[in-house]
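# Chain and residue survey
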Amino acid sequence: MSEGGLRIVVVDDHTVMRAGVIALLAAEDSIEIVGEAGDGRAALDLVDRYDPDVALVDLRMPVLDGVATTAEIVARYPRTRVLILTTYDTDTEIERGVEAGAIGYLLKDTTREQLVDAIHAAARGETVLAPRVAEKLVARLRRPVQEPLTDRETEVLGAVADGLTNAEIGRRLVIAEATVKTHLLRLFAKLDVNDRTRAVVVAMERGLLQRPHR
């Protein structure tokens, strides 16, 4: 910890949200906000200039997103702990943030007291996770090893994401409609879902389907 309190930087591309976080922490004597930034590249400049104890970083930002920013800070400025503060709590986002080296992952519905405690814990090198995030990570660790989708199943799922019916999928992929149904049943089982919409959502959360084909 730096003398006079913890030095932190706040990184969020939403001006109002960034100002809100700063306002929440302004009255906290044990914390000194030494800088703020609206994108990841500017955040790296701040960390380089001020050598903060903790960087509060949003996930989705222009120029350099939160995951890339986290990875850069961890690699180049290992003394600075990265605490992600975001609205996103999908499995994929959480895993990307943690794998990039963030010591903590909080959601923006956290209270002032929780945020202050988390900043202090992060500065001490302690892992800090929002309860919902911790639950998701534990649940993911408890899942059996997932069987990957085949190339054909991924194609069928992409067509589902495009809004095609089974008959239309069959015409697109030049396969029988009955074969489409078989592929759907298999990928439903692999994704542990019961309907087409949920299959697309889960696949996107797991990074198996980036976006609907256009």
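These numbers come from a predicted model, not from an experiment.

Tallying secondary structure elements over the protein chain gives 10 helices and six strands in all. Taken against the 2.2 N^0.38 rule, which gives 17 Å for 214 residues, the C-alpha radius of gyration of the protein chain at 21 Å runs more than 25% over that of a compact globule. Burial status across the protein chain gives 46% buried among its 214 residues. Here the analysis covers contacts within the protein chain between residues at least 6 apart in sequence; of these, 63% occur between residues at least 24 apart.

Moving on, we get to helix H9 (residues 177–191). For H9, with 15 residues, the first-to-last C-alpha span of 21 Å sits near the 21 Å given by 1.5 Å per residue. If you check which residues of H9 are buried, you get Val180, His183, Leu184, Leu187, Phe188, Lys190 and Leu191. End-on, the buried residues of H9 take up no more than an arc of 160 degrees, which puts them together on one face. Exposed and facing more than 90 degrees away from the buried side of H9 are Ala178, Leu185 and Ala189.

The UniProt entry lists Asp58 under the feature "modified residue: 4-aspartylphosphate" (unreviewed entry), expressed in the numbering used here. Relative to the helices and strands, Asp58 resides in the loop between strand S3 (54–57) and helix H3 (66–76). With relative accessibility at 3%, the residue Asp58 sits in the buried group. Setting aside its immediate chain neighbours within four residues, Asp58 contacts Val11, Asp12, Asp13, His14, Gly66, Leu85, Thr86 and Lys108.

Next up on the list: the nonpolar core. If you look at the biggest cluster of nonpolar residues, it comprises 45 residues, and the most contacted ones within it are Ile8, Leu25, Leu56, Leu83, Leu106, Leu115 and Ile119. Of the residues forming this core, the biggest block, six residues, is contributed by helix H5 (residues 112–123). Sequence-distant contacts of Ile8, defined by excluding residues within four places in its chain, comprise Leu25, Ile31, Glu32, Ile33, Val34, Gly35, Pro52, Val54, Leu56 and Ile119. The next biggest cluster of nonpolar side chains, apart from the first, holds 21 residues, and it includes Leu157, Ile175, Val180 and Phe188.

Parsing the protein chain into structural domains produces domain 1 (6–142) and domain 2 (151–203). If you average the C-alpha positions of domain 1 and of domain 2, the two centres end up 38 Å apart.

For the protein chain, per-residue confidence averages 90 on the pLDDT scale, and residues scoring 70 or more make up 93% of the total. Within the protein chain, helix H6 (residues 131–142) has the poorest average pLDDT of any element, 79, and S3 the best, 98.

Turning our attention to the sheet that holds strand S6 (residues 128–129). On the basis of which strands lie adjacent, the open sheet formed by six strands has the order S2-S1-S3-S4-S5-S6 and parallel pairing. Strands with a single pairing partner mark the edges of an open sheet, and in this sheet they are strand S2 (31–37) and S6. Relative to strand S5 (residues 104–107), strand S4 (residues 81–86) runs parallel, the two being bridged by four bridges. Each bridged residue has a counterpart across the sheet, and for Thr86 the counterpart in S5 is Leu107.

So, about unusual backbone geometry. Most peptide bonds are trans, and most residues other than glycine sit at a negative phi. Unusually for a residue other than glycine, Asp51 sits at a positive phi of about 50 degrees. Residue Asp51 is classed as partly exposed on the basis of its relative accessible area of 39%. Residues other than glycine seldom take positive phi values, yet Asp192 does so here, at roughly 60 degrees. Its place among the elements puts Asp192 in the loop between H9 and helix H10 (196–205). We classify Asp192 as exposed; its relative accessible area is 69%.

It is worth spelling out the pattern of salt bridges at this point. Inspection of the entire model under this criterion finds 16 salt bridges. The residue Asp53 makes a salt bridge to Arg79 at a minimum N-O spacing of 3.0 Å. With a gap of 26 residues between them, Asp53 in the loop between helix H2 (40–50) and S3 and Arg79 in the loop between H3 and S4 connect regions that are remote in the sequence. Relative accessible area serves as the criterion here: at 3%, Asp53 is assigned to the buried category. With a relative accessible area of 40%, Arg79 lands in the partly exposed category. Taking the shortest distance from any N to any O, the salt bridge between Glu153 and Lys190 comes out at 2.8 Å.

So, how was this worked out
- Residues numbered from 1 in each chain as written.
- Predicted model: local features only at pLDDT ≥ 70, side-chain atom pairs only at ≥ 80, totals over all residues.
- Heavy atoms only, no water.
- Helix = DSSP H or I, 4+ residues; strand = E, 2+ residues; numbered from the N terminus.
- Rg over C-alpha atoms; globule rule 2.2 N^0.38 Å.
- Buried < 20%, exposed > 50% of the residue type's maximum accessible area, 1.4 Å probe, protein only.
- Contact = heavy atoms within 4.5 Å.
- Expected span 1.5 Å × (residues − 1).
- Arc of directions from axis to C-beta.
- UniProt positions renumbered as here; feature names shortened; annotations may be inferred.
- Core = buried A, V, L, I, M, F, W, Y, C linked by side-chain atoms within 4.5 Å.
- Domains from an automatic or database assignment.
- pLDDT = per-residue confidence, 0-100.
- Pairing = 2+ DSSP bridges.
- Salt bridge = Lys/Arg side-chain N within 4 Å of Asp/Glu carboxyl O.

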